[in-house]
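Listed here are the chains, written in short residue letters.
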Amino acid sequence: MASSPAQTGGGSFAVKDCALISIATGKRAFVLKELKDTLQEIGPDSVYYHFWGSLLEPRFEEREYNNDFAAWARHDLHHDGLAERLAVIDPTELEDLEALRQELVEVMEEVLDTDASVHWVRAERPFDFIRSQIVVFDTHRRVDRPEELPEMLTRISPSSVFYHFIDARRRLPDHDDDFSQWLAGFGPVHDPLRERFDAIDPYFGSLMELRDELTQIVSDYFR
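Residues numbered from 1 in each chain as written. Predicted model: local features only at pLDDT ≥ 70, side-chain atom pairs only at ≥ 80, totals over all residues. Heavy atoms only, no water.

### A look at the pattern of salt bridges
Scanning the entire structure with this criterion turns up 20 salt bridges. Of the charged contacts, one joins Arg74 and Asp80 as a salt bridge, the two residues approaching to 3.2 Å between their closest N and O atoms. Of the charged contacts, one joins Asp167 and Arg170 as a salt bridge, the two residues approaching to 2.6 Å between their closest N and O atoms. With Asp167 and Arg170 both in helix α7 (residues 158-171) and 3 residues apart, the pair spans about one turn of that helix. Residue class for Asp167 comes out buried when judged on its relative accessible area of 1%. (Salt bridge = Lys/Arg side-chain N within 4 Å of Asp/Glu carboxyl O. Helix = DSSP H or I, 4+ residues; strand = E, 2+ residues; numbered from the N terminus. Buried < 20%, exposed > 50% of the residue type's maximum accessible area, 1.4 Å probe, protein only.)

As structure tokens, this is what we get:
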């Protein structure tokens, strides 16, 4: 969905929710070079899934690695050095998915160039490339005034937070989140709040933690 669900000019904010559908691509890799070569040609929606998809998966334990590439390198390829280098890549610090793809490829190429043994190591399980398709639906909940944001944030689902705060940064041309874009419609009065939103890194944490952080920020701001 290319357009923002938030209406500009002080209109109502339409709260949306979403689900990330996993679709097999049929592409897989058993060795690091296969992973790198396939990564260079796979669609960007697959790169997106392997970095952000796990946030929407229900889990009872903390994520050991924030992206699937790092997890595979550690648990299936058993290459701790590669896993650590892949794990610290933060997609929010890169311009777009193509820049993220290039960062991954460069790390893998450096390991292939400096560690000759990794060329012959076959993973216990293949890396299966999955692509994602986001399905969006309207909750029919509306917010008319910025002062209503604290209560709204306590009620929305984690997947709604994902759509409005994380997916929006990929979806909107200026890499803004939906809340900030909506607040901009009220003029510069809420720029301090938008700046606080912009400073949040949503990658290294859970959606519940992100929702709590957003709620705390807007509660403090309007208090």
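On we go from here.
### A few points about the layout of surface pockets
Roughly 450 Å³ of internal volume is contained in the largest pocket. Surrounding the largest pocket, 19 residues form its lining, Pro91, Thr92, Leu94, Glu95 and Arg169 being those nearest its centre. Of all the secondary-structure elements, those providing two or more residues to the lining of the largest pocket are α2 (44-52), α5 (97-114) and α7. When residues of the lining of the largest pocket are assigned to their parent elements, the largest contribution, 3 residues, is made by α7. In the lining of the largest pocket, the residues fall into 10 nonpolar, 2 polar and 7 charged. (1 Å grid on protein atoms, 1.4 Å probe; cavity = no way out; pocket = protein on both sides within 12 Å on 5 of 7 lines; lining within 4 Å. Points joined across faces, edges and corners; volume = space filled by probe spheres on them. Nonpolar A, V, L, I, M, F, W, Y, C, P; charged D, E, K, R; others polar.)

### Describing the packing of helix α4 (residues 80-87) against α5
Between α4 and α5, the shortest axis-to-axis distance is 10 Å and the interhelical angle comes to 160 degrees. By the angle class used here, α4 and α5 are roughly antiparallel. The interaxial crossing formed by α4 with α5 has right-handed handedness. On α5, the residues that touch Leu82, Arg85 and Leu86 of α4 are Leu104, Val107, Met108, Glu110 and Val111. Taken together, the residues of the contact of α4 with α5 sort by class into 6 nonpolar, no polar and 2 charged. (Axes fitted to C-alpha atoms, helices over the stretch in contact; angles between N-to-C directions. Parallel < 35°, antiparallel > 145°, perpendicular 65-115°, else oblique. Left-handed = near helix turned anticlockwise from the far one by under 90°. Contact = heavy atoms within 4.5 Å.)

### Here's the deal with α4
Because each turn of an α-helix spans 3.6 residues, side chains separated by three or four positions in sequence point in the same direction. Buried residues of α4: Leu82, Ala83, Leu86 and Ala87, and no others. An end-on view of α4 places all buried positions within 130 degrees of arc, on one side of the element. Next to the buried residues of α4 lie α1 (32-41), α3 (68-75) and α5. (Arc of directions from axis to C-beta.)

### Some thoughts on the packing of aromatic side chains
Under the counting rule described, the total for this entry stands at 14 aromatic pairs. Between Phe13 and Phe179, the aromatic rings sit 5.4 Å apart at their centres with planes inclined by 20 degrees, giving stacked as the arrangement. Taken together, the residues Phe13 in strand β1 (residues 13-29) and Phe179 in helix α8 (residues 178-184) connect sequence positions 166 residues apart. Relative to Phe69, the ring of Phe51 lies with its centre 6.1 Å away and its plane at 45 degrees, an arrangement referred to as tilted. Pair noted here: Phe51 is in helix α2 and Phe69 is in helix α3, with a separation of 18 residues, a long-range link. The exposure class assigned to Phe69 is buried, which follows from its relative accessible area of 0%. Here the aromatic residues Phe51, Trp52, Phe69, Trp72, Phe127, Phe129, Tyr203 and Phe204 are joined through ring pairs into a cluster of three or more. When the ring centre of Phe30 is taken as reference, the NZ or CZ atom of Arg122 above it lies at 3.9 Å. If you follow Arg171 out to its NZ or CZ, it ends over the ring of Tyr163, 4.1 Å from the centre. (Phe/Tyr/Trp six-rings, centres within 6.5 Å; stacked < 30°, edge-to-face > 60°. Lys NZ or Arg CZ within 6 Å of the ring centre and 35° of its normal.)

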